[in-house]
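# Geometric and topological summary
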Amino acid sequence: MRPAAEAAGLTMAAPTAPARIRRQLPTSPWLFAAPGLLVAGAFVLYPFVSTVVNSFTDRRTLVPGRFVGLANYRELLHDDMFWTGLRNSTLYVAGVVPALVILPLLLALLVHKNIPGIAFFRSAFYTPVVASIVVVGLIWVWLLDERGLINSLLETVGVGRVGFLSDQWLLLLSAMAVTVWKGLGYYMIIYLAALANVPRELHEAAAVDGAGPVRRFLTVTVPAVRSTMVLVAALSSVAAFKVFSEVYLMAGPSGGPAGEDTTLVMLVQRTGTGLTGRVGYASALSVVVFAVTVALMLLVLRADRGEES
């Protein structure tokens with residue numbers, strides 16, 4: 001039998017979507033976010049808090065350690081290797097970041113137009129990004145070795161062999177070149193996405209006013225992708241200051257001649273690993289690296305805001 005309400009000509013309206021949403025449990029969004037929050041807490045938040053806590057102890061690899069206050073941070077100020085690592089990491093930022101801000105933009109301009117065969121060049125420029133850093137580092141070590149291909153060519157033309165991997169400053173510059181070469185394709189893709197949003201009308205108007213390619217680049221392209229340049233500067237600054245693999249592969253675990261090419265992250269790895277590793281002191285070094293990287297990002301963002309004002 002039909003219900004009395006239906007028999008009387010009355011029907012019950014189905015609940016609307018907002019009504020169904022209101023009846024959901026208030027914890028439903030947290031249930032969806034829980035897996036990601038658990039992973040972030042286990043592999044990001046907990047290690048960070050643990051590192052900060054360990055930086056105030058004299059903990060070693062197999063010894064829990066005890067609270068020593070700011071002793072590790074005071075020791076940093078008198079550690080020559082810390083200042084060497086800070087110098088090299090700072091020089092790395094100064095040498096790598098300008099190149100990774102300008103060169104990928106110029107590369108993106110070259111491959112921006114849709115012409116036959118341009119996809120091949122885009123893929124070729126992006127190939128070093130997907131290559132393993134270990135493989136890339138070993139290839140460049142073979143190229144720059146005393147008996148490598150580059151030195152053989154230099155000797156053939158009468159220049160003589162160059163100690164790319166034995167000279168302190170040449171080794172650091174060689175590692176910078178590897179970092180720039182491997183990062184060009186990655187930042188090129190970011191710039192390509194930004195260039196796709198630049199209105200064509202702006203270039204056409206500038207051309208009508210008599211602006212040449214260089215002037216259009218400076219007055220149209222650069223202002224249009226300025227926010228992207230700030231993003232690239234921030235990302236590359238953090239990555240350059242935390243450099244490890246390139247220098248480690250080219251300079252070796254010792255950090256080059258007399259350890260003069262050691263970076264801060266290499267010092268953290270060398271100090272905090274092994275059966276007798278000084279985990280507390282390495283944690284203090286890690287906290288300093290974190291603080292400097294945050295300061296670099298804030299400095300870049302503040303400089304961008306200053307230019308806007």
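Residues numbered from 1 in each chain as written. Predicted model: local features only at pLDDT ≥ 70, side-chain atom pairs only at ≥ 80, totals over all residues. Heavy atoms only, no water.

Turning our eyes to something else, we now look at the overall build of the protein chain. Helix and strand counts for the protein chain stand at 15 helices and zero strands. Buried residues in the protein chain amount to 35% of all 309 residues. Within the protein chain, contacts between residues at least 6 apart in sequence are counted, and of these 66% link residues at least 24 apart. When the accessible surface of the protein chain is totalled, it reaches about 18,800 Å², and 69% of it is carbon and sulfur. (Helix = DSSP H or I, 4+ residues; strand = E, 2+ residues; numbered from the N terminus. Buried < 20%, exposed > 50% of the residue type's maximum accessible area, 1.4 Å probe, protein only. Contact = heavy atoms within 4.5 Å. Areas by Shrake-Rupley, 256 points an atom, 1.4 Å probe, with all protein chains shown as cover.)

Here we come to the pattern of salt bridges. Throughout the structure, instances matching the rule amount to four salt bridges. The closest approach of N and O atoms between R278 and E75, which form a salt bridge, is 2.9 Å. With a gap of 203 residues between them, R278 in the loop between α14 (264-272) and α15 (279-308) and E75 in helix α4 (residues 71-77) connect regions that are remote in the sequence. Here R278 falls in the partly exposed class, since its relative accessible area comes to 28%. Linking E260 and R87 is a salt bridge whose minimum nitrogen-to-oxygen distance equals 3.3 Å. Placement of E260 in the loop between α13 (245-251) and α14 and of R87 in helix α5 (residues 80-111) is noted, with a sequence separation of 173 residues between them. Note on E260: relative accessible area 27%, which makes it partly exposed. Among the residues examined, R87 registers a relative accessible area of 29% and is labelled partly exposed. (Salt bridge = Lys/Arg side-chain N within 4 Å of Asp/Glu carboxyl O.)

On to the environment of L235. Its place among the elements puts L235 in helix α12 (residues 226-241). On the accessibility criterion, L235 (36% relative accessible area) is partly exposed.

In this section: the confidence of the model for the protein chain. The predicted coordinates ought not to be read in detail in places where the model reports low pLDDT. Residue-level pLDDT values for the protein chain average 87, and 90% of them are 70 or greater. Of the regions scoring below 50 in pLDDT, residues 7-11 engages in one contact with residues more than four places distant in sequence or in other chains. (pLDDT = per-residue confidence, 0-100.)

Looking now at the nonpolar core. Residues L76, F82 and Y92 are the most contacted members of the largest nonpolar core, which totals 63 residues. The set of elements that each furnish at least two residues to this core consists of α4, α5, α7 (133-144), α9 (168-195), α12, α13, α14 and α15. (Core = buried A, V, L, I, M, F, W, Y, C linked by side-chain atoms within 4.5 Å.)

Looking now at the side chain of E246. With respect to the element layout, E246 can be found in helix α13. With no salt bridge to any partner, buried E246 finds its closest opposite charge in K182, at an N-O distance of 7.3 Å. In this view, E246 contacts Y92, I133, A175, V178 and T179; residues no more than four positions away in its chain are not counted. (Lys, Arg positive; Asp, Glu negative; His and termini not counted.)

Following the sequence through the fold, S283 ends up in helix α15. Here S283 falls in the buried class, since its relative accessible area comes to 7%. Each residue touching S283, except ones within four places of it in the same chain, is listed here: T51, N54 and S55.

This paragraph deals with α7. The end-to-end C-alpha distance of α7, which contains twelve residues, comes to 16 Å, matching closely the 16 Å that a straight helix rising 1.5 Å per residue would cover. Every buried residue of α7 is listed here: V136, G137, W140, V141 and L144. All buried residues of α7 fall inside an arc of 135° around its axis, so they share one side. The inward-facing, buried residues of α7 contact α8 (149-156), α9 and α13. (Expected span 1.5 Å × (residues − 1). Arc of directions from axis to C-beta.)

Here we take up a nonpolar patch on the surface. A surface patch of nonpolar side chains, about 700 Å² in accessible area, is lined by L45, F48, V49, V53, F290, V294, L298 and L301. Taken together, the elements giving at least two residues each to the nonpolar patch come down to α3 (28-54) and α15. Here V49 lies in helix α3. (Patch = residues over 30% accessible without salt bridge, like charges linked within 9 Å, V, L, I, M, F, W, Y side chains within 5 Å.)

Glancing now at α5. Here α5 spans 46 Å end to end across 32 residues, near enough to the 46 Å set by a 1.5 Å rise per residue. A side-chain oxygen of the first residue of α5 lies 3.0 Å from the backbone nitrogen of M81; this N-cap is D79. (Polar contact = N/O pair within 3.5 Å; in protein donor to acceptor, adjacent residues only side chain to side chain.)

Moving on, we come to the packing of α5 against α14. Interaxial distance between α5 and α14 falls to 7 Å at its minimum, and their mutual angle equals 140°. Residue-level contacts link M81, F82, G85, L86 and S89 of α5 to L264, L267 and R270 of α14. Tallied by class, residues from the contact of α5 with α14 come to five nonpolar, two polar and one charged. (Axes fitted to C-alpha atoms, helices over the stretch in contact; angles between N-to-C directions. Nonpolar A, V, L, I, M, F, W, Y, C, P; charged D, E, K, R; others polar.)

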